[in-house]
Amino acid sequence: VVFLQGYPGVNSIIALLMCKWYNKPAAVYAHVNIEEFIHTFLRIPKVCASILTSLSIKLLQKAYWVFAPYPDYPELHPRQSITPLGVDIDQFSNKHQGKDPNVFTVGYCGRISPEKNVQLLRDMILRAPEHYRLLIVGDGDIEPHPNVQVTGFVDNPEYYYNKMDVFIMPSRTETTSLATLEA
């Protein structure tokens, strides 16, 4: 079984096509509402967005099983089940070890991409008082600034959550935001 996290996406679509080609079952965790994602974030004409939505849903229906993050996710597949995300509370308990009391740290965890709206946080920090810092735990491109620290991908986000005074998820759309649950 091939497990796909994060449908729709170019990689997921290619993987579904490859599963079909090689006659392998695919289980898909569809973490965004496909229609909402395509119509909101792809800047293409409505007709193209509607066609792409229909094709994406048709392709998703080729999967063996579909997991959705919340109960009112659109019913797209006969074998669709709700699988909410969760976190280990003990792992992500607030310890504030090594926190600098003279710095107010605003934090974000996730990829840096347009739909995540991380640029808004950067712009906010640049207008904030001098003792404010932005800690971005994740990968992507963002213009460097002395008050903005980008860690890149990490295996231990709990370490960085504990350095934050406040966590902000500026994303324009989220389903079950694992980073928010962790924070």
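Source: prediction; values computed, not measured.

### Focus: the pairing of strand 5 (residues 104–109)
Across the 6 residues that make up strand 5, a large majority, 5, are buried. Pairing of strand 5 with strand 6 (residues 132–137), which is carried by 6 bridges, proceeds in the parallel orientation. Within the sheet, the bridge partner assigned to Phe-104 lies in strand 6 and is Tyr-132. The parallel pair strand 5 and strand 6 is bridged by helix 4 (residues 118–127), and the resulting crossover is right-handed. Here 2 bridges tie strand 5 to strand 8 (residues 166–167), and the two strands are oriented parallel to one another. When the sheet's bridge partners are listed, Val-106 is paired in strand 8 with Val-166.

### Some remarks on the nonpolar core
Core analysis: the largest hydrophobic core is formed by 18 residues, its most contacted members being Tyr-7, Leu-16, Val-28, Ile-34, Leu-60 and Tyr-73. Of all the elements in the fold, those that place two or more residues in this core are helix 1 (10–21), strand 2 (26–29), helix 2 (34–41), helix 3 (46–60) and strand 3 (65–68).

### Focus on the layout of surface pockets
In this model, the largest pocket occupies a volume close to 940 Å³. Forming the walls of the largest pocket are 35 residues, and the residues nearest its centre are Gln-5, His-31, Gly-110, Arg-111 and Lys-116. Of all the secondary structure elements, the ones that give two or more residues to the lining of the largest pocket are helix 1, strand 5, helix 5 (157–161) and helix 6 (178–182). A class-by-class count of the residues in the lining of the largest pocket yields 16 nonpolar, 13 polar and 6 charged. Space inside the second largest pocket adds up to approximately 200 Å³. Lining the second largest pocket we find 15 residues, and of these Thr-105, Arg-133, Leu-135, Gln-149 and Lys-163 sit closest to its centre. The element contributing the most residues to the lining of the second largest pocket is strand 6, with 3 residues.

### Observations regarding the packing of helix 2 against helix 3
Two elements in contact, helix 2 and helix 3, have axes whose closest approach is 9 Å; the angle formed by their N-to-C orientations is 150 degrees. As summarised for this structure, helix 2 and helix 3 are arranged roughly antiparallel, according to the angle between their axes. The interaxial crossing formed by helix 2 with helix 3 has right-handed handedness. Across the interface between the two elements, Ile-34, Glu-35, Ile-38 and His-39 from helix 2 touch Lys-46, Ala-49, Ser-50, Leu-52, Thr-53, Ser-56, Ile-57 and Leu-60 from helix 3. Looking at the contact of helix 2 with helix 3 residue by residue, the classes come out as 6 nonpolar, 4 polar and 2 charged.

Definitions and limits used
- Residues numbered from 1 in each chain as written.
- Predicted model: local features only at pLDDT ≥ 70, side-chain atom pairs only at ≥ 80, totals over all residues.
- Heavy atoms only, no water.
- Buried < 20%, exposed > 50% of the residue type's maximum accessible area, 1.4 Å probe, protein only.
- Helix = DSSP H or I, 4+ residues; strand = E, 2+ residues; numbered from the N terminus.
- Pairing = 2+ DSSP bridges.
- Right-handed = clockwise from strand over helix to strand, strands pointing away.
- Core = buried A, V, L, I, M, F, W, Y, C linked by side-chain atoms within 4.5 Å.
- 1 Å grid on protein atoms, 1.4 Å probe; cavity = no way out; pocket = protein on both sides within 12 Å on 5 of 7 lines; lining within 4 Å.
- Points joined across faces, edges and corners; volume = space filled by probe spheres on them.
- Nonpolar A, V, L, I, M, F, W, Y, C, P; charged D, E, K, R; others polar.
- Axes fitted to C-alpha atoms, helices over the stretch in contact; angles between N-to-C directions.
- Parallel < 35°, antiparallel > 145°, perpendicular 65-115°, else oblique.
- Left-handed = near helix turned anticlockwise from the far one by under 90°.
- Contact = heavy atoms within 4.5 Å.

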